[in-house]
Amino acid sequence: MEPDNIVARYNLLMVAVREDDYAKAVRICEPAILYNPEELAFYYYLGISYFRTERNPDALAVLKKGVGQVTPESDKKLVSDFYTFIGDLHHSMGQQAECYVAYDSALVYNPDNIGVLNNYAYFLSLDRENLDKAEEMSFRTVKAEPKNDTYLDTYAWILLEKGRYTEARIYIDEAMKNGGE
């Protein structure tokens, strides 16, 4: 009865997400961005829902459309999450250059986005590109979460790629001590 009722639509969306019903979330979000185009959350959840229903190109398109709605008042961490997801999608599609651009944008909005710092560093190391930058980003993740086995493993890998074997061994042992395989 009130298709522009943002609160009601958001509540319906949260129920769909809690139930892992991403097809329903798509049906809720698609009209939501028509009635409330300024509401970033609908773009974000629509992107997630497209991704969960294996519609990656659609997810990428809607997230980019959502980024077009960003204003100076927008939540910086949410905007960073948009760019993180865009970067992850580009990576999954084999588009590394676009991935790195998106990750750079994510870090502009949230320089302490640990997930981006780790993934960015790891992907750079896999490409054997800019290993100094990768090391610096990865070290920040280890400093922020010194017992995170994933972050320790990434840092060890980068040190290994740089030929710093003794240091790499220390960090891989730490990763294993903290639950890593």
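First, a word on scope: everything that follows refers to the structure included in this document. As the structure is a prediction and not an experimental result, all values here were calculated from the model.

1. A closer look at helix 4 (residues 56–67)
1) Next: Taking 1.5 Å per residue, 12 residues should reach 16 Å; helix 4 reaches 16 Å between its end C-alpha atoms and fits that length.
2) Next: Looking only at helix 4, the buried set comprises Ala59, Leu60, Val62, Leu63, Gly66 and Val67.
3) Next: Taken together, the buried residues of helix 4 touch helix 2 (22–35), helix 3 (40–52) and helix 5 (76–92).

2. A look at helix 7 (residues 114–126)
1) Next: Here helix 7 is 13 residues long and its end C-alpha atoms lie 18 Å apart, about the 18 Å a rise of 1.5 Å per residue gives.
2) Next: Three or more residues of helix 7 are buried, namely Ile114, Val116, Leu117, Asn118, Tyr120, Ala121, Phe123, Leu124 and Ser125.
3) Next: In this fold, the buried residues of helix 7 make contact with helix 5, helix 6 (96–109), helix 8 (131–144) and helix 9 (149–161).
4) Next: Positive backbone phi, at 55°, marks arginine 128, one or two positions downstream of helix 7.

3. Brief notes about the packing of helix 6 against helix 7
1) Next: Direction vectors running N to C along helix 6 and helix 7 enclose 150°, while the axes themselves pass 10 Å from each other. Here helix 7 runs roughly antiparallel to helix 6, going by the angle between their axes. Pair helix 6 / helix 7 crosses with left-handed handedness. On the side of helix 6, the interface is formed by Gln96, Cys99, Tyr100, Tyr103, Asp104, Ala106 and Leu107, while helix 7 contributes Val116, Leu117, Asn119, Tyr120, Phe123 and Leu124.
2) Next: Split into classes, the residues belonging to the contact of helix 6 with helix 7 amount to 10 nonpolar, two polar and one charged.

Definitions and cut-offs
The residue count restarts for each chain, going from 1 along the sequence in the order it is written. Totals for whole chains, interfaces and linings use all residues, but because this is a predicted model, local features are given only for residues with pLDDT of at least 70 and pairs of side-chain atoms are given and counted only at 80 or more. With hydrogens and water stripped out, all remaining heavy atoms of the structure feed into the side-chain values. Counting from the N terminus, the helices are the DSSP runs of H or I reaching at least four residues and the strands are the DSSP runs of E reaching at least two. Given a helix with a known number of residues, its expected span is that number minus one, times 1.5 Å. Burial status follows relative accessibility: with a 1.4 Å probe on protein chains alone, a residue under 20% of its type maximum counts as buried, one over 50% as exposed, and anything between as partly exposed. Residues count as neighbours in contact if any of their non-hydrogen atoms are within 4.5 Å of one another. Axes here mean lines fitted to C-alpha atoms, for a helix over just the part in contact, with angles spanning 0 to 180 degrees between N-to-C directions. Orientation labels follow simple angle bins: below 35 degrees gives roughly parallel, above 145 gives roughly antiparallel, 65 to 115 gives roughly perpendicular, and whatever is left gives oblique. Take the far helix as your reference; a near helix turned counterclockwise from it by less than a right angle gives a left-handed crossing, and one turned clockwise gives a right-handed crossing. Three residue categories are used. Nonpolar comprises Ala, Val, Leu, Ile, Met, Phe, Trp, Tyr, Cys and Pro, charged comprises Asp, Glu, Lys and Arg, and polar comprises the others, including Gly.

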